[in-house]
Amino acid sequence: MEYSEKVLDHFMHPRNMGEISDATASGTVGNPICGDIMKMDLKIENNIIIDAKFKTFGCGSAIATSSMATELIIGKTTDEALDITNRAVAEALDGLPKVKMHCSVLAEQAVKKALEAYYLENDMMTPERQERFSILGKDEHSHTDLHGEEKS
Ligand code: FES
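Residues numbered from 1 in each chain as written. Predicted model: local features only at pLDDT ≥ 70, side-chain atom pairs only at ≥ 80, totals over all residues.

Chemist: Explain the overall build of the protein chain to me, and be specific about the residues and the numbers.
Modeler: Scanning the protein chain for helices and strands turns up six helices and four strands. Taken from the N to the C terminus, the helices and strands of the protein chain come in the order α-β-β-β-α-α-α-α-α-β. For the protein chain, the C-alpha radius of gyration of 14 Å lies close to 15 Å, the compact-globule estimate for 152 residues. With 152 residues in all, the protein chain has 40% of them scored as buried. Relative to all contacts within the protein chain whose residues are 6 or more apart in sequence, the contacts with residues 24 or more apart total 63%. (Helix = DSSP H or I, 4+ residues; strand = E, 2+ residues; numbered from the N terminus. Rg over C-alpha atoms; globule rule 2.2 N^0.38 Å. Buried ≥ 20, exposed ≤ 12 C-beta atoms within 10 Å, placed from the backbone. Contact = placed C-beta atoms within 7 Å.)

Chemist: Pulling in residues and values, what's your account of the nonpolar core?
Modeler: Counting residues in hydrophobic clusters, the biggest one holds 35 residues, and the most contacted among them are Leu-42, Ala-110, Val-111 and Ala-114. Of all elements in the fold, only strand E1 (25-30), strand E2 (37-45), strand E3 (48-57), helix H2 (60-73), helix H3 (78-82), helix H4 (86-92) and helix H5 (101-121) reach the threshold of two or more residues within this core. At 11 residues, H5 tops the list of elements feeding residues into this core. Beyond its immediate chain neighbours, meaning those up to four positions away, Leu-42 contacts Ala-23, Thr-24, Ala-25, Ile-49, Ala-52, Ala-114 and Tyr-118. (Core = buried A, V, L, I, M, F, W, Y, C linked by C-beta atoms within 7 Å.)

Chemist: Pulling in residues and values, what's your account of the confidence of the model for the protein chain?
Modeler: In the predicted model, the protein chain carries a mean pLDDT of 90, and 90% of its residues have values of at least 70. Contacts from residues 139-145, a stretch scored under 50 in pLDDT, to residues over four places away or in other chains number 22 contacts. (pLDDT = per-residue confidence, 0-100.)

Chemist: Which residues make up the environment of Lys-39, and what values do they have?
Modeler: Looking at the secondary structure, you find Lys-39 in strand E2. The spatial distance from the C-alpha of Lys-39 to the C-alpha of Ala-107 is 8.9 Å, given a sequence separation of 68 residues. Residues contacting Lys-39, with those up to four places away along its chain left out, are Ser-26, Thr-28, Phe-54, Lys-55 and Ala-110.

Have a look at this one:
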């Protein structure tokens, strides 16, 4: 299996790994295929993502995609961040082996889970935005938490 240099770089030197103690919103998701877990913390001011940090209990591709996802969303508005798909993250890493594409879904879902929490908490959810969260599905292993308050 061939990994691009960017994938290896983000795996060996992940950007923005960790937690934000005063996160505006967080999302935790699980990959039903392999059981790996990812948590994404976002710091949002005036609808702009000013910081993002992740923790991934998972494979190298999940670590590399979450690292790249944080780089892509920092500085973006929350609505712009909704446009970042797992394919966009994988492309920014110069591609992932086909059998590892499912790992990139975790990063998109974790970002969206946190953004969903943000919109709901701030009464900003609209039908148009709601449609963008269909990737979250009804996975019972994922949950949303706000301001560090875990819900199960
Ligand atoms: S094998 Fe689980 S996210 Fe990659």
